[in-house]
Amino acid sequence: MMTIYCEYGLIGRSLAFEENVYISFSSSGFIKRVSHIPPRRVDEEYASCLVMPGLINAHTHIGDSFFKEVGFNFTVEELVAPPYGLKHRLLDAASEKDIKDGIRWAAMEMLYSGTTTFADFREGGVWGALIMRRALEDIPIKYLILGRDHTNTADLLRVCDGVGLPSTTIYSDEELRRMREECKMMDAMIAVHASETKDERERSIREHGVSDVVRALSVLDADLLVHLTHASDEELALVSGRGVACCPRANAYLGVGIPPVEKMVEVGVKVCLGTDNVMINSPDLFREMDFLGKAVRARSGVGALDAKSILKMVTVNPAEALNLNSGWIERGRSADLVIIDFEAPNVKPVHHPYQVLVHRVKSENVTCVYVNGVKAYEK
Ligand SMILES: [Zn+2]
């Protein structure tokens, strides 16, 4: 059993801001006790620091990390559309070492900026999933692999946690139904990009009679929808209660808009944040939260989305949407913890902790990260 002390903490599913927190966890990596009363032994003391749940990045493509900022003036089509988009040409020409190095760098950047779990859309079928597992063998970060190979879903699910489809539009109803059945049978997650661009949405309506969001729900029955940058109000109501991974910085970078996050929160969508493709965006969730908060204020005014709701998008909401036993600090949950320096010049004085975490804290303020109760990073 190990116990840490922090002067401040975000505790429980409500992320309540509390002072003088002692957290004990077992050698198997689960939180055993959360208290304000000091136990007999304290192993680590973090004065002037805040402990919060490890961040969860709900949507990445870290296989593309080795070509950061290449193609920065390309449209989303030119960049990622299979089979001749820039990323596919670069991946075809890349060595296994290039891809693995990129995966490792992105995972390290995530860990050092407080992310303890990420959900990755991985291409290359079984081979692609195995490359990722090998690349991350000695990096203590947790991840879900959402793989892609519609011809052999059963084989894919032996090495992946679910499927991550580029779109519904490229598949027939029959193909989507077959993937759905195979995933449900194996209790595997189904995730899919939907309505990232107006064009993608219109193509679905043209070719299938309904939008890609509607097909993702009614034909595929996806657990996690990614983007919904251009979903209608009626569709957002249909998604209520489900997980949606929004990627505001990636959408902005590609010039396709900003997702209607404040409307999603209003209708009860479990909004999660993802940093999307490392080729176009850094996998740093502190930057993502800051950008989202400001973009929403610019669009809808200062009271449209509160900072605590944004913090939930990288903790509680993705834990529930991805079915993870982390995301908040409570007895029985995984001891995935991030310690933030609240004495740093860019942070203090802390008048409004939620605001400060969303808009002032940077990855450099992460002083220590625990994954399953083991110190995975220390500054
Ligand atoms: Zn994506």
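Throughout, residues of each chain are indexed from 1 in the direction in which the sequence is written. Local features are withheld for residues below a pLDDT of 70 in this predicted model, meaning they are given only at 70 or higher, and side-chain atom pairs are given and counted only at 80 or more; totals for whole chains, interfaces and linings count all residues.

Broken down by element type, the protein carries 15 helices and 16 strands. The C-alpha radius of gyration computed for the protein amounts to 20 Å, which stays within 12% of the reference 21 Å derived for 379 residues, consistent with globular compactness. Considered along the principal axes of its C-alpha atoms, the protein spans approximately 65 × 45 × 40 Å. Labels follow a simple rule on C-beta atoms placed from the backbone: if 20 or more others lie within 10 Å of a residue's own, it is buried; if 12 or fewer, it is exposed; otherwise it is partly exposed. Burial statistics for the protein: of 379 residues in total, 50% are counted as buried. By definition, any uninterrupted DSSP run of H or I lasting at least four residues is a helix, any uninterrupted run of E lasting at least two residues is a strand, and each is numbered from the N terminus. Between the two quantities, the radius of gyration covers C-alpha atoms and the globule rule is 2.2 Å times the number of residues to the power 0.38.

By the convention used here, strands pair only if DSSP detects at least 2 bridges between them. If you trace the seven strands from one edge of the open sheet to the other, you get E3-E2-E1-E4-E14-E15-E16, paired in mixed fashion. Looking at which strands have only one partner, the edges of the open sheet turn out to be strand E3 (31-35) and strand E16 (374-378). Geometrically, the sheet is characterised by an average inter-axis angle of 35° between neighbouring strands, direction not taken into account. Across five bridges, the pairing between strand E1 (residues 2-11) and strand E4 (residues 44-53) is parallel. In the strand pairing of E4, Cys 6 is matched with Tyr 46. Angles here are taken between N-to-C directions and fall from 0 to 180 degrees, while the axes themselves are lines fitted to C-alpha atoms, restricted in helices to the stretch in contact.

Those residues of helix H7 (residues 198-208) that fall on the buried side of the exposure criterion are Glu 200, Arg 201 and Ser 204. Down the axis of H7, the buried side of the element spans an arc of 100°, and every buried residue falls inside it. Among the exposed residues of H7, those pointing more than 90 degrees away from its buried face are Lys 198 and Arg 206. Taken together, the buried residues of H7 touch helix H8 (212-218). Once H7 ends, the next one or two residues include Gly 209, with phi positive near 85°. This arc corresponds to the set of directions leading from the helix axis out to the C-beta atoms. With C-beta atoms placed from the backbone, a contact is any residue pair whose C-beta atoms sit within 7 Å.

The next thing to look at is the pairing of E4. Note: E4 against strand E14 (residues 337-341), five bridges, orientation antiparallel. Considered in E14, the bridge of Met 52 is made with Val 338.

On to the nonpolar core. Membership of the largest hydrophobic core comes to 119 residues, with the highest contact counts inside it found for Val 51, Val 192, Leu 225 and Val 244. For this core, the leading source of residues is helix H3 (residues 96-112), giving six residues. The start and end points of each domain follow an automatic or database-based domain assignment. If you count residues domain by domain, this core takes at least three from each of domain 1 (2-54 + 327-378) and domain 2 (56-321). Those residues in contact with Val 192 that lie beyond four places of it in its chain are Leu 165, Ser 167, Thr 168, Ala 216, Leu 220, Ala 222, Leu 225 and Val 226. In this usage, the nonpolar core is the set of buried Ala, Val, Leu, Ile, Met, Phe, Trp, Tyr and Cys residues whose C-beta atoms join them within 7 Å.

Before going further, it helps to spend a moment on the domain arrangement of the protein. Once the domains are mapped, the protein shows domain 1 (2-54 + 327-378) and domain 2 (56-321). With 22 residues of domain 1 in contact, the opposing surface of domain 2 contributes 24 residues. Of all the secondary structure elements, the ones that give two or more residues to the side of domain 1 that touches domain 2 are helix H15 (353-359), strand E15 (366-371) and E16. Residues are grouped as follows: nonpolar covers Ala, Val, Leu, Ile, Met, Phe, Trp, Tyr, Cys and Pro; charged covers Asp, Glu, Lys and Arg; every other residue, Gly included, is treated as polar. Residues of the side of domain 1 that touches domain 2, tallied by class, amount to 14 nonpolar, five polar and three charged.

Looking at the secondary structure, you find Val 356 in helix H15. When the C-alpha atoms of Val 356 and Asp 290 are compared, they prove to be 9.7 Å apart, with 66 residues separating the residues in sequence. In contact with Val 356, other than residues within four places in its own chain, are Val 347, Val 350 and Val 361.

Below, the discussion takes up the environment of Val 163. One can find Val 163 in strand E8 (residues 162-165). Here Val 163 falls in the buried class, since 27 other C-beta atoms lie within 10 Å of it. Considered as a pair, Val 163 and Ala 237 are 74 residues apart in the sequence and their alpha carbons are 24 Å apart.

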